[in-house]
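Overview (structure and organization)
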Amino acid sequence: MEALREALARAFKYASGDAAREALEHKGYLEWDDYIKALGYALRRELTKNASPRGTQ
């Protein structure tokens, strides 16, 4: 449970930091859709980075 909490925290930090800044620099504004996509990307990256191969723990 702690690993998931940490992964979520890192994903939120990325989405509200680097990804938001990139969208603002590129478009001049941030849409919720941009934020949700960045959050999904970051969370997938975090979870697959820390995932063990199927069947192992």
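It should be noted that the structure appears before, not after, this text.
Summarised in this report is the structure supplied together with it. (Residues numbered from 1 in each chain as written. Predicted model: local features only at pLDDT ≥ 70, side-chain atom pairs only at ≥ 80, totals over all residues. Heavy atoms only, no water.)

For the coordinates displayed, the defined rule picks out seven salt bridges. Taken together, the shared-partner salt bridges connect R10, E46 and K49 into one network. (Salt bridge = Lys/Arg side-chain N within 4 Å of Asp/Glu carboxyl O.)

For the rest of this paragraph, the subject is the nonpolar core. Among the nonpolar cores identified, the biggest contains eight residues, and these are A11, Y14, A15, A19, Y35, A38, L39 and A42. At four residues, the largest contribution of residues to this core is made by helix α3 (residues 32–50). Aside from chain neighbours lying at most four places away, what touches Y35 is F12, A15, S16 and L30. (Core = buried A, V, L, I, M, F, W, Y, C linked by side-chain atoms within 4.5 Å. Buried < 20%, exposed > 50% of the residue type's maximum accessible area, 1.4 Å probe, protein only. Helix = DSSP H or I, 4+ residues; strand = E, 2+ residues; numbered from the N terminus. Contact = heavy atoms within 4.5 Å.)

Together, M1, L4, L8, F12 and L47 make up a nonpolar patch on the protein surface, roughly 490 Å² of accessible area in all. Among the elements that line the nonpolar patch, the one with the most residues is helix α1 (residues 2–16), at three residues. Among the structural elements, L8 can be located in helix α1. (Patch = residues over 30% accessible without salt bridge, like charges linked within 9 Å, V, L, I, M, F, W, Y side chains within 5 Å. Areas by Shrake-Rupley, 256 points an atom, 1.4 Å probe, with all protein chains shown as cover.)

Before going further, it helps to spend a moment on the packing of aromatic side chains. Across all of its chains, the model carries two aromatic pairs by this definition. Between the aromatic rings of Y14 and Y41, the centroid separation amounts to 6.0 Å while the plane-to-plane angle is 55°, which identifies the pairing as tilted. In this pair, Y14 is assigned in helix α1 and Y41 in helix α3, connecting sequence segments 27 residues apart. Under the relative-accessibility criterion, Y41 is labelled partly exposed at 42%. Relative to Y35, the ring of W32 lies with its centre 5.9 Å away and its plane at 90°, an arrangement referred to as edge-to-face. In this pair, W32 and Y35 both sit in helix α3, three residues apart, roughly one turn of the helix. (Phe/Tyr/Trp six-rings, centres within 6.5 Å; stacked < 30°, edge-to-face > 60°.)

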